Amino acid sequence: MSTVVPTTHGIAVADAGHGVVEVVMDAPPVNALTAAGWFALADALTAAGADPATRVVVLRAEGRGFNAGVDIKAIQACPDNSEIIGVNRGCFAAFAAVYDCPVPVIAAVHGYCLGGGIGLTGNADVIVASEDATFGLPEVDRGALGAATHLSRLVPQHLMRAMVYTAKPATAAQLHQFGSVHSVVPREALRDTALQLAREIAAKSPTIIRAAKESLNGIDPWDVKRSYRYEQGFTFELNLSGTADEVRDTFGR
């Protein structure tokens, strides 16, 4: 059994034993995070990685899906630009926390993985998914851009572009064929599968595994932080022009 330590804004942390820490998103109804939620997630991931006893982090979620991106209703309810600035900075922090975590991060994905969820999984070290998992970037339909950087790490270039333009998702089975998803399992087996893989990695020398993570980041063919920050600039432009508001106002209709 895991010892769960709840945190604020829909993020909880659990010690799963054997040096494995679970960071769990649980923000009903759809795991769409506010700016505070994204920063809480970043803080939880950073703290887990900073603990010398941690050997592997499993990032997973409760509820209907893994992550539905940013909380658009929170943006709509904000009288100024502080929430859109906050979620942009919060997403950047959370994605970076996955990438910079000094130990491997395994993403266990079920249901939908959208928008910010793509940023998290695209920066993860290993992905396991349930058979019902889908991965998509509906940003064009939400008045925003971003995380194509991370989608490019999951699917081939031309499919990534089609997914951005159409906002249509890909299935876990497709990503498994591309090699970006390690395994696809029944939903009820997802957590156990992720923990089993985590414990397999955790059983190895923690010094070597941490060195391996640092070395793999060091040979990455592109700078995911700079690339994502470049994308975010267009989101700011769309907001300043008013175009983003026009598109967001149709959300939920």
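Basis of the calculations
- Residue indices begin from 1 for each chain and proceed along its sequence in written order.
- Residue-level local features of this predicted model are given only where pLDDT is at least 70; pairs of side-chain atoms are given and counted only at 80 or more, and the full residue set underlies all totals for whole chains, interfaces and linings.
- Each side-chain value is worked out from all heavy atoms of the structure, with water and hydrogens disregarded.
- By definition, pLDDT measures how confident the predictor is in each residue, and it falls between 0 and 100.
- Numbering goes from the N terminus for both helices and strands, where a helix is a DSSP run of H or I of at least four residues and a strand is a run of E of at least two.
- Here a Phe, Tyr or Trp ring, Trp counted by its six-membered ring, pairs with any other such ring whose centre lies within 6.5 Å, and the pair is stacked when the planes are under 30 degrees apart, edge-to-face when over 60, and tilted otherwise.
- For every residue, the accessible area obtained with a 1.4 Å probe (protein chains only) is divided by the maximum for its type, and the residue is called buried under 20%, exposed over 50%, and partly exposed between those limits.
- Any Lys NZ or Arg CZ that is within 6 Å of a ring centre and within 35 degrees of that ring's normal is treated as a charge sitting over the ring.
- For salt bridges, the criterion is a side-chain nitrogen of Lys or Arg within 4 Å of an Asp or Glu carboxyl oxygen.
- DSSP calls a pair of strands paired once it identifies at least 2 bridges connecting them.

Q: How should I be thinking about the confidence of the model for the protein chain in this particular structure?
A: Detailed reading of the predicted model is not advised wherever pLDDT is low. With 96% of its residues at a pLDDT of 70 or more, the protein chain shows a mean pLDDT of 93. Of all helices and strands in the protein chain, the one with the weakest mean pLDDT is strand β1 (residues 3-6) (59), whereas strand β5 (residues 105-109) scores best (99).

Q: So what exactly am I meant to see when it comes to the packing of aromatic side chains here?
A: Given two aromatic rings, one states the distance between the centres and the angle between the planes to describe the pair. With the rule as written, the count across this model stands at 4 aromatic pairs. Between Phe 92 and Tyr 228, the aromatic rings sit 6.3 Å apart at their centres with planes inclined by 10°, giving stacked as the arrangement. Here Phe 92 is found in helix α3 (residues 82-100), whereas its partner Tyr 228 is found in helix α10 (residues 224-241), with 136 residues between them in sequence. Assessed through its relative accessible area of 7%, Tyr 228 is described here as buried. Between the aromatic rings of Tyr 230 and Phe 234, the centroid separation amounts to 5.4 Å while the plane-to-plane angle is 70°, which identifies the pairing as edge-to-face. Within this pair, Tyr 230 and its partner Phe 234 are both found in helix α10, separated by 4 residues, close to a single helical turn. Tyr 230 gets classed as exposed once you look at its relative accessible area, which sits at 58%. Here a set of aromatic residues connected by ring pairs shows up, and it is made of Trp 38, Phe 92, Phe 95 and Tyr 228. Lying over the aromatic face of Phe 92, Arg 229 brings its terminal NZ or CZ to 5.8 Å of the ring centre.

Q: Would you mind going over the pattern of salt bridges with me for this structure?
A: Evaluated as defined, the whole model comprises 7 salt bridges. Asp 220 serves as the salt-bridge partner of Arg 153, at 3.2 Å between the closest nitrogen and oxygen. Placement of Arg 153 in the loop between α5 (148-151) and α6 (157-166) and of Asp 220 in the loop between α9 (206-218) and α10 is noted, with a sequence separation of 67 residues between them. When salt bridges that share partners are traced, they join Glu 22, Arg 60, Glu 62 and Arg 191 into one network.

Q: Help me understand the sheet that holds strand β6 (residues 112-114), please; the structure alone is not making it clear to me.
A: The strands making up a sheet associate through backbone hydrogen bonding, with each pair oriented either parallel or antiparallel. Reading across the sheet, the 3 strands line up as β6-β8-β9 and stay open at both edges, with mixed pairing between neighbours. The sheet terminates laterally at β6 and β9 (170-171), the two strands that pair on one side only. As paired strands, strand β8 (residues 134-136) and β9 are joined by 2 bridges and run antiparallel to one another. What sits directly across from Phe 135, in β9, is Ala 170.

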